[in-house]
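Listed here are the chains, written in short residue letters.
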Amino acid sequence: MNYQEAIEYLYRATPVFQHSGGSAYKPGLSTVIALSEAFGNPHLALCCIHVAGTNGKGSTCHTLAAVLQKAGYKVGLFTSPHLVDFRERIRVNGQKVSEEYVVQFTKESQTLVEKLRPSFFELTTVMAFSHFAKEKVDIAVIEVGMGGRLDSTNIIKPMLSIITGISLDHTQFLGNTIEDIAIEKAGVIKPHVPVVVGEANKCLREIFTQKASTEYAPIYFAEDSKHILEAKLSEDQSYISYQTALWGEIQSGLTGDAQPINARTVMTAITLLQQRLQIPTSAIQSGFRNVISLTGLMGRWQVLEHSPLLICDTGHNAGGIAQIVSRLEKLKVTHLHIIFGMAADKDVKQVLELLPKQAYYYFCQASVDRAMPVDELYSLAKGCGLDGEKFVSVEKALASARKKASQEDALFVGGSNFVVADLLSTLHLLKK
């Protein structure tokens with residue numbers, strides 16, 4: 001079995017939510033517990049930070065990993081979904097897990113897969129834990145896949161839990177209200193383990209406070225912190241400068257409108273981690289500034305080309321899209337071209353109603369089963385007053401937008417992780 005064969009086996013033998021959606025979702029922890037036991041319970045050997053939430057999980061995880069890495073720790077990072085290469089999900093000090101390890105683990109797990117029928121995420125969660133244990137990482141930063149209470153990652157016993165923020169997403173699994181979703185996310189709060197909440201209204205604060213009280217877990221709301229005195233986007237828009245109360249100026253390479261919220265959450269977490277870990281100011285400053293190069297983070301207001309400007313972002317629900325639109329409206333360009341597609345299981349109409357009417361759209365369909373058919377997306381978009389064309393693929397939409405755009409224009413690609421993944425794959429192929 002080579003690496004490509006291993007990946008094909010994983011996709012074929014286990015239900016993959018990234019590809020097929022709800023049919024791959026397996027709530028409950030019994031299967032992942034059985035899998036983990038078969039591999040010697042590697043998660044018990046890990047010192048973990050557990051990150052849940054609707055938006056901001058990825059940026060928070062990557063920034064924390066970068067800071068800890070610059071502080072001299074060996075850091076494991078488990079995130080999802082991947083964009084181009086499966087190995088993006090599992091990293092140690094920014095380096096993707098080796099193809100050889102993926103092959104080895106897949107071979108070793110085949111009998112268990114046939115017996116337990118785990119989901120793709122359950123299997124890859126244990127793969128990550130096993131890899132981190134073998135690599136003897138000092139700290140593992142673990143991103144929740146979905147929800148929290150019944151998520152596969154929730155078998156860990158972390159040193160710190162983080163809940164970034166809550167908005168409506170995956171409602172078919174987590175509940176139809178913000179409050180229902182918050183209860184599921186609150187499931188990551190563990191007995192006596194400190195928890196940081198990034199953003200929460202009064203009602204959600206009550207939910208998190210009650211859960212923390214039940215678990216005797218100290219709770220900290222990042223919104224109440226005074227870490228950031230001022231946040232300002234640089235003139236060339238390449239970084240955000242934060243004037244902080246404790247560490248002077250910190251420049252962050254993540255520049256989306258949501259990033260000050262994420263930065264505040266990370267800074268609150270760092271002050272708690274400093275009670276147990278050595279994290280100097282220089283590591284905080286360097287980790288924030290170099291998070292992309294240190295961790296391989298992609299798809300967060302990522303500028304890919306200039307003249308014309310080409311930007312992508314993986315924001316895919318109403319909360320994430322609203323922040324993207326706010327940033328798009330600040331661009332000083334002649335015309336805005338938006339290449340857009342969505343997953344069929346999202347609240348598509350709600351998102352479309354948020355998009356700027358003055359842009360020209362290139363509606364498309366990503367190359368996964370979960371993608372909304374472009375004819376359906378185009379019809380809904382027209383009903384929302386959006387002007388544009390439809391294309392069968394991201395590649396064709398990009399080619400058309402490039403022909404129409406002038407050097408003073410901007411092209412934005414988003415609406416779905418899958419659309420961004422197809423874009424990055426297309427650009428990679430074009431550069432070969």
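Residues numbered from 1 in each chain as written. Predicted model: local features only at pLDDT ≥ 70, side-chain atom pairs only at ≥ 80, totals over all residues. Heavy atoms only, no water.

Per an unreviewed UniProt entry, the protein goes by Dihydrofolate synthase/folylpolyglutamate synthase and derives from Porphyromonas crevioricanis JCM 15906. The Cofactor (unreviewed entry) comment attached to the protein in UniProt states, word for word, "Mg(2+)". (UniProt positions renumbered as here; feature names shortened; annotations may be inferred.)

Let's shift gears to the environment of Leu 64. In this structure, Leu 64 sits in helix α4 (residues 57-70). What makes Leu 64 buried here is its relative accessible area of 1%. Taking the C-alpha atoms as reference points, Leu 64 and Val 75, separated by eleven residues in sequence, lie 9.6 Å from one another. Once residues within four sequence positions are removed from consideration, Leu 64 is found in contact with Ile 49, Ile 162, Val 266, Ala 269, Ile 270 and Leu 273. (Helix = DSSP H or I, 4+ residues; strand = E, 2+ residues; numbered from the N terminus. Buried < 20%, exposed > 50% of the residue type's maximum accessible area, 1.4 Å probe, protein only. Contact = heavy atoms within 4.5 Å.)

Okay, the domain arrangement of the protein next. Here the domain parsing of the protein yields domain 1 (1-293) and domain 2 (300-425). Placing the centre of domain 1 and that of domain 2 at their C-alpha centroids yields a distance of 27 Å. (Domains from an automatic or database assignment.)

Between its terminal C-alpha atoms helix α10 (residues 259-273) stretches 20 Å, which fits the 21 Å expected from 15 residues at 1.5 Å a residue. Most of α10 is tucked away: 13 of the 15 residues are buried. (Expected span 1.5 Å × (residues − 1).)

The strand order across the open sheet formed by six strands is β12-β13-β17-β14-β15-β16, and the pairing between neighbours is mixed. Two strands lie at the open edges of the sheet, namely β12 (302-305) and β16 (387-390), each paired on one side alone. Neighbouring strand axes in the sheet, compared pairwise and without regard to direction, differ in orientation by 25° on average. Sheet topology note: the β12/strand β13 (residues 309-313) ladder contains three bridges and is antiparallel. What sits directly across from Gln 302, in β13, is Cys 312. Packed on one face of the sheet, helix α15 (residues 374-383) meets β14 (336-340), β15 (360-363) and β16 and runs near 170° to β16. (Pairing = 2+ DSSP bridges. Axes fitted to C-alpha atoms, helices over the stretch in contact; angles between N-to-C directions.)

As enumerated under the stated definition, the model contains ten aromatic pairs in all. Pairing Phe 78 with Phe 121 gives two aromatic rings, centres 5.8 Å apart and planes at 25°, and the pair type is stacked. Of this pair, Phe 78 sits in strand β2 (residues 75-78) while Phe 121 sits in helix α6 (residues 120-135), placing them 43 residues apart in sequence. No difference in accessibility class separates Phe 78 from Phe 121, as the two residues are buried. In textbook terms, an aromatic cluster arises when at least three aromatic residues are bridged by ring pairs, as seen for Tyr 11, Phe 86 and Phe 120. Over the aromatic face of Tyr 3 sits the side chain of Arg 87, whose NZ or CZ is 5.9 Å from the ring centroid. Seen from the ring of Phe 221, Arg 205 lies directly overhead, with NZ or CZ sitting 4.4 Å from the centre. (Phe/Tyr/Trp six-rings, centres within 6.5 Å; stacked < 30°, edge-to-face > 60°. Lys NZ or Arg CZ within 6 Å of the ring centre and 35° of its normal.)

Looking now at the layout of surface pockets. Its boundaries defined by the atoms lining it, the second largest pocket holds a volume of some 450 Å³. Lining the second largest pocket are 21 residues, and of these Asp 236, Gln 237, Ser 238, Leu 309 and Arg 327 lie nearest its centre. Mapped onto the lining of the second largest pocket, the elements with two or more residues apiece are β12 and β13. Class assignment for the residues of the lining of the second largest pocket results in nine nonpolar, six polar and six charged. Taken domain by domain, the lining of the second largest pocket gets at least three of its residues from each of domain 1 (1-293) and domain 2 (300-425). (1 Å grid on protein atoms, 1.4 Å probe; cavity = no way out; pocket = protein on both sides within 12 Å on 5 of 7 lines; lining within 4 Å. Points joined across faces, edges and corners; volume = space filled by probe spheres on them. Nonpolar A, V, L, I, M, F, W, Y, C, P; charged D, E, K, R; others polar.)

This chain's UniProt record puts "domain: Mur ligase C-terminal" (unreviewed entry) on residues 299-416. Secondary structure over residues 299-416 splits into 31% helix and 23% strand, and the C-alpha atoms at its two ends are 10 Å apart.

What follows covers helix α3 (residues 30-38). Three or more residues of α3 are buried, namely Thr 31, Val 32, Leu 35 and Ser 36. Seen end-on, α3 carries its buried residues on one side only, within an arc spanning 130°. Exposed and facing more than 90 degrees away from the buried side of α3 are Ser 30 and Glu 37. Contacts from the buried residues of α3 go to α5 (99-116) and α6. Where α3 ends, the next residue or the one after it, Gly 40, has phi of about 85°, a positive value. (Arc of directions from axis to C-beta.)

Now for empty space enclosed by the protein. All told, the structure shown has two cavities of 30 Å³ or more when counted by the stated rule. As a volume, the largest cavity reaches approximately 60 Å³. If you go around the largest cavity, the residues you meet are Ser 59, Thr 60, Thr 63, Tyr 242, Ser 252, Leu 254, Gln 259, Asn 262, Ala 263, Val 266 and Phe 288. When residues of the lining of the largest cavity are traced back to their parent elements, those giving at least two are α4 and α10. In terms of residue count, the dominant contributor to the lining of the largest cavity is α10 (four residues). A breakdown of the residues in the lining of the largest cavity according to their chemical character gives five nonpolar, six polar and no charged. Around the second largest cavity, the lining residues are Ala 65, Gln 69, Val 75, Leu 77, Asn 93, Gly 94 and Thr 295. By residue class, the composition of the lining of the second largest cavity is three nonpolar, four polar and no charged.

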